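# Chain and residue survey
In case you want the letters, here they are:
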Amino acid sequence: MTAVISEAPPAAAKRSSITATGLVLISIWGLIFVGIVWALVNSVDPERLASYGGRIAQGFVVTVELVIASMLIGALISIPVAAGRLSTNRLVAGIAFGFSYFFRGTPLVAQTFLIYYGAGQFSSELKAVGMWWLFRDALNCAVIAFALNTAAYQAEILSGAIRNVPRGQREGAAALGLHKWLTLRKIILPQALVSAIRPYGNEVILMTKASSIASIITVLDLMGQTRYVFSKTYDLSFYFWAALFYLATVEVVSHLVNLVEARLTRHVRPPSTARG
Amino acid sequence: MRLTVLAVASLAAMIVGITGASAKDWTATTVRIGTDATYPPFESQDSSGKIVGFDVDVGMAACEAVSLKCEFSNQDWDGIIPALTAGKIDAILSSMSITEERLKTIDFSDKVYNTPPAIAVPKDSPITSVDLSAFDGKSVGVQSSTTHAAYAEQELKGADVKYYKTADDYKLDLSSGRLDAAMDDVVVLSEWLKTPDGACCKLLGTLKLVPEIHGKGTGIGVRKEDTDLKELFNKGIAAIRANGKYKEINDKYFDFDAYGGE
Amino acid sequence: MPELLTLFVVYYGSQYLVTAVSTALFGVPLEVSPFFAGMVALGLVMASYASEVFLAAFRAIAAGQYEAGRALGLQKGKIMRLIILPQLIRLALPGLSNLWLSLMKDTALVSVITLNDLLRQTQVAVSSTRQPFFFYLVACLIYLGLSLLSSIAIGQTRRWASRGMVTR
């Protein structure tokens, strides 16, 4: 430190002042964090935990179900949309782009309201065509809205990944005389999916966080149960517990993604020195 | 440095707005009354966004009677008690029933009105009586953190109870047929059934009051330490009860006595 | 942590905190308006994402750029201002514009804490007209228009930021 000062006094003075501000800021954040943890630990009330802990756990299960169902259905929908995005047919590409742009350009809350209350408005028409059972339940509506939303994002991920496979791979396959579908299945998709793992993982994380929106349309997911408990107890600490649940889920998902990616990309990693 | 502090302080004052609640002299300040204006005819917003309704008229008349300056603001129902205890508002006048549960957290003025709870169902509903076992397996909508929600949770064990943020939300779902029934105050339900939107549905009947859950009518909620404000409200309510102002407001909204028995 | 949850925590939690602190300091409780709470909550969320973006952008700038700056005898502040920042803007722009687009959509969440934003006004319209499909669709289209405008603005900025780059 002394060496730096003797070299350029004004710069060093400036830097130390910056570090001081930084330290103050960091310690403020640290204090807030410690305060929250302290309040949480302090507020553990066994009686309340016993009467409401079950509700929170139930809500957590609903959230997990919601995310898995939406992701899977969304993945199914995303395949034709991605194909449309890659299509050379102007009309097909246009429709796919419109779908994707609408669901990516508007807030998920608004989409959820549109589907939930919008379907309610057309209940008699929906009953006539026998679709009402699907839209009657708030959880189904949430799954539909989330699935459509994530389908738009997943289609972008998928089509982007396919586009990023180098042209030469396609040409090589054509030179070997493989026909189109075989090329797609054996050559393009395996490479595309490997590069899409990380974005897919991010999408799962985003969906997990966004799933809290379902609570606004009466679904008792983790967020819905937490709000219910808060409205009974006026105890803010339940929100922090819910936050911990969400954070833990996100951590687990991102670690899983790292593991899967490490496993699938082991052939492209630089060879370690240990290998003879 | 002093300049920065000054700038920050004035910015904070600008954004946050200093409220002079240090003065315990209520007549010298504006009393901020919070209400969830989604509950016609007691409190709702008209098309220009103004908060109107029975509670608003009664509250304003009571304030005037004891020369308080009062002002209504819209609050989220779920957060209305935290808003009171945190000092965001000074009182709650939002058809809030005086219950033991709530009395643990806040205090209430004397009764403002008292009407029984009721159940509404779609016109073609197979449910024909308010026999509680008829609701097993049915979806029943209530507004969350109300006495009706507490009642449904305790008495309708077999039903699928859905909790809504506002009364408007369960009305939408009842008219679309998503709900098999909705439970709320009889006045709120029957007023709604009179409107074109309520044409889908009918009143099944009123429910028997359970005093432990439903309490003894609605009151004006205040912080526990603000006993002086509570006394002022009590005096105001007594005054308009005595001078006929309450009856005048009552008759403007209803063709029956909303105050209920003593 | 979901944005909705952050919003709730800030809205209800900050009220207790601010009241406690301000009564201790000035003897007067301060009020947190929903607007302020929404601003702080979304600001915090954005800050955490934006810091990731800037971190990645700083890392993407080769160490040689700093070394070259030092070799020219520039001071630290000047290196930052003249060499690093202009490149940083270009590198951070895609990430920041994504954040901007998602922030715009996140603002719809503040409607749950009684802030009269676009979505809440839509809810008011719905509750008085009973036309949820139409009004929510209109709200969606307004958001869509906003993101369209932002994309155009972002495209312009990108062209400006990468003006010194070789076009491919």
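Sequence order sets the numbering: in each chain, residues are counted from 1 along the sequence as written. Each chain takes a letter, starting from A, and each ligand takes a number, starting from 1, following the order in which they are written. The predicted origin of the model limits local features to residues at a pLDDT of at least 70 and limits the giving and counting of side-chain atom pairs to 80 or more, whereas totals for whole chains, interfaces and linings rest on all residues. Heavy atoms throughout the structure, all of them, feed into the side-chain values; hydrogens and water do not.

Next up on the list: the packing of helix H11 (residues 222–233) of chain A against helix H1 (residues 3–26) of chain C. Running from N to C, H11 of chain A and H1 of chain C point in directions that differ by 15°, and their axes come no closer than 11 Å. One finds that H11 of chain A runs roughly parallel with respect to H1 of chain C. At the point where H11 of chain A passes H1 of chain C, the crossing takes the left-handed sense. Only Leu4, Leu5, Phe8 and Tyr12 of chain C of H1 of chain C make contact with H11 of chain A, whose side of the interface consists of Met223, Arg227 and Phe230 of chain A. Throughout, the ten residues Ala, Val, Leu, Ile, Met, Phe, Trp, Tyr, Cys and Pro are labelled nonpolar, Asp, Glu, Lys and Arg are labelled charged, and all others, Gly among them, are labelled polar. Partitioning the contact of H11 of chain A with H1 of chain C into residue classes produces six nonpolar, no polar and one charged. For helices, the axis comes from a line fit to the C-alpha atoms of the stretch in contact; other axes are also lines fit to C-alpha atoms, and the angle between any two N-to-C directions lies between 0 and 180 degrees. Secondary structure elements are defined from DSSP: runs of H or I of at least 4 residues count as helices, runs of E of at least 2 residues count as strands, and each element is numbered from the N terminus. Every angle not falling under 35 degrees, over 145, or within 65 to 115 is termed oblique; those three ranges are roughly parallel, roughly antiparallel and roughly perpendicular. Crossing handedness is read from the near helix: turned anticlockwise from the far helix by less than a right angle, it gives a left-handed crossing, and turned clockwise, a right-handed one. Contacts were defined at the residue level, with two residues in contact if any of their heavy atoms lie within 4.5 Å.

This part covers the interface of chain A and chain C. Between chain A and chain C, the residue contacts involve 33 residues of the former and 33 residues of the latter. Note on terms: buried area is the combined drop in 1.4 Å-probe accessible area of two parts once they are placed together, counting the loss on both. Across the interface of chain A and chain C, roughly 3,000 Å² is buried in total on both sides, 78% from carbon and sulfur atoms. On the chain A side of the contact with chain C, Tyr101, Leu114 and Lys209 of chain A bury the most area, a combined 18% of that side's loss. Salt bridges are defined by distance alone: a side-chain nitrogen of Lys or Arg within 4 Å of a carboxyl oxygen of Asp or Glu. For the pair chain A and chain C, the interface holds zero salt bridges. Going through the elements one at a time, helix H2 (9–42), helix H4 (90–105), helix H5 (108–121), H11 and helix H12 (237–264) of chain A are the ones with two or more residues in the side of chain A that touches chain C.

A separate point is the pattern of salt bridges. Residues and elements named next belong to chain B. Within the structure shown, the criterion is met by 18 salt bridges over all chains. Here Lys104 ties to Glu101 by a salt bridge, and the two come within 3.6 Å at their closest N and O atoms. For the pair Lys104 and Glu101, one class covers both residues: exposed. Asp160 serves as the salt-bridge partner of Lys162, at 3.7 Å between the closest nitrogen and oxygen. Overall, the relative accessible area of 16% leaves Lys162 in the buried class. Salt bridges sharing partners connect three or more residues here, namely Arg32, Asp90, Arg223 and Asp226. Burial classification: accessible surface area is computed with a 1.4 Å probe over protein chains only, and a residue below 20% of its type maximum counts as buried, one above 50% as exposed, and the rest as partly exposed.

Moving on to the domain arrangement of chain A. Each domain's extent is set by a domain assignment, obtained either automatically or from a database. Domain boundaries assigned for chain A yield domain 1 (1–42) and domain 2 (46–264). For domain 1 of chain A versus domain 2 of chain A, the distance between C-alpha centres works out to 40 Å.

On to the sheet that holds strand S4 (residues 51–52) of chain B, then. What the three strands build is an open sheet, ordered S2-S3-S4 (chain B); its pairing is antiparallel. Edge positions in the sheet fall to strand S2 (38–39) and S4 of chain B, since each has one partner strand and no second. For two strands to be treated as a pair, DSSP must find no fewer than two bridges joining them.

Quick look at unusual backbone geometry now. Residues and elements named next belong to chain B. Residue Pro41 is bonded to the preceding Pro40 through a cis peptide linkage, with omega at 5°. Within the secondary structure, Pro41 is located in the loop between S2 and strand S3 (43–45). Located in the positive-phi region is Ser67, a residue other than glycine, with phi close to 45°. Inspection of the secondary structure assignment puts Ser67 in the loop between helix H2 (54–65) and strand S5 (69–74). Residue Ser67 is classed as exposed on the basis of its relative accessible area, which comes to 53%.

Leu68 and Phe233 of chain B are the most contacted members of the largest nonpolar core, which has 151 residues in total. No other element matches H5 of chain A, which puts nine residues into this core. Here, nonpolar core refers to any group of buried Ala, Val, Leu, Ile, Met, Phe, Trp, Tyr and Cys residues whose side-chain atoms link them within 4.5 Å. Residues Ala82, Leu158, Ala173 and Ile188 of chain A belong to the second largest nonpolar core, which totals 14 residues.

Turning to the interface of chain A and chain B, a few remarks are in order. Contact with chain A, which involves 20 residues of that partner, is made by 18 residues of chain B. Roughly 1,700 Å² is buried in total at the junction of chain A and chain B, and carbon and sulfur atoms are behind 48% of that figure. Contact with chain B buries surface across chain A, with Tyr117, Arg136 and Tyr234 of chain A losing the most and accounting together for 34% of the total. Asp180 of chain B serves as the salt-bridge partner of Arg136 of chain A, at 2.9 Å between the closest nitrogen and oxygen. A 3.5 Å cut-off defines polar contacts: any pair of N or O atoms within that distance qualifies, except that in protein one atom must be a possible hydrogen donor and the other a possible acceptor, and neighbouring residues in sequence count only when both atoms are side-chain atoms. Applying the counting rule to chain A against chain B returns eight residue pairs in polar contact (both at pLDDT 80 or more). Only H5, helix H6 (123–128), helix H7 (132–136) and H11 of chain A provide two or more residues apiece to the side of chain A that touches chain B. For the side of chain A that touches chain B, the element with the highest residue contribution is H11 of chain A, accounting for five residues. Taken together, the residues of the side of chain A that touches chain B sort by class into 10 nonpolar, four polar and six charged.

Residue and element names in this part refer to chain B. In plain terms, two cysteine sulfur atoms within 2.5 Å form what is called a disulfide here. Applying the stated criterion across every chain yields a total of two disulfides over all chains. What pairs with Cys63 in a disulfide is Cys70, and their sulfur atoms sit 2.0 Å apart. Classification of the bridge connecting Cys63 and Cys70 rests on its S-S torsion, roughly -85°, and on that basis the disulfide is left-handed. Cys70 carries the same exposure label as Cys63, and that label is buried.

This part covers the packing of aromatic side chains. The aromatic pairing rule takes the rings of Phe, Tyr and Trp, using the six-membered ring of Trp, and pairs them if the centres are within 6.5 Å, calling planes under 30 degrees apart stacked, those over 60 edge-to-face and the rest tilted. Following the criterion strictly, the structure yields 25 aromatic pairs over all chains and no others. Between Phe230 of chain A and Tyr239 of chain A the ring centres are 5.0 Å apart and the planes differ by 45°, which places this aromatic pair in the tilted class. Here Phe230 of chain A matches Tyr239 of chain A in class, with each residue buried. Counting every residue linked through ring pairs, the aromatic cluster contains Tyr39, Phe42, Phe54, Tyr113, Tyr246, Tyr253, Phe254, Phe256 and Tyr259 of chain B. Counted as over-ring charges are cases with an Arg CZ or a Lys NZ within 6 Å of the ring centre that also lie within 35 degrees of the ring normal. The ring of Tyr259 of chain B has Lys111 of chain B sitting right over it, with the charged end atom 4.4 Å from the ring centre.

Let's shift gears to the confidence of the model for chain B. The predictor's confidence in any single residue is recorded as pLDDT, a number from 0 to 100. Counting all residues, the mean pLDDT for chain B is 86, and 90% of those residues have values of 70 or more. Across residues 13–23 of chain B the pLDDT falls below 50, and counting only partners more than four positions away or on other chains, this stretch makes 19 contacts in the model.

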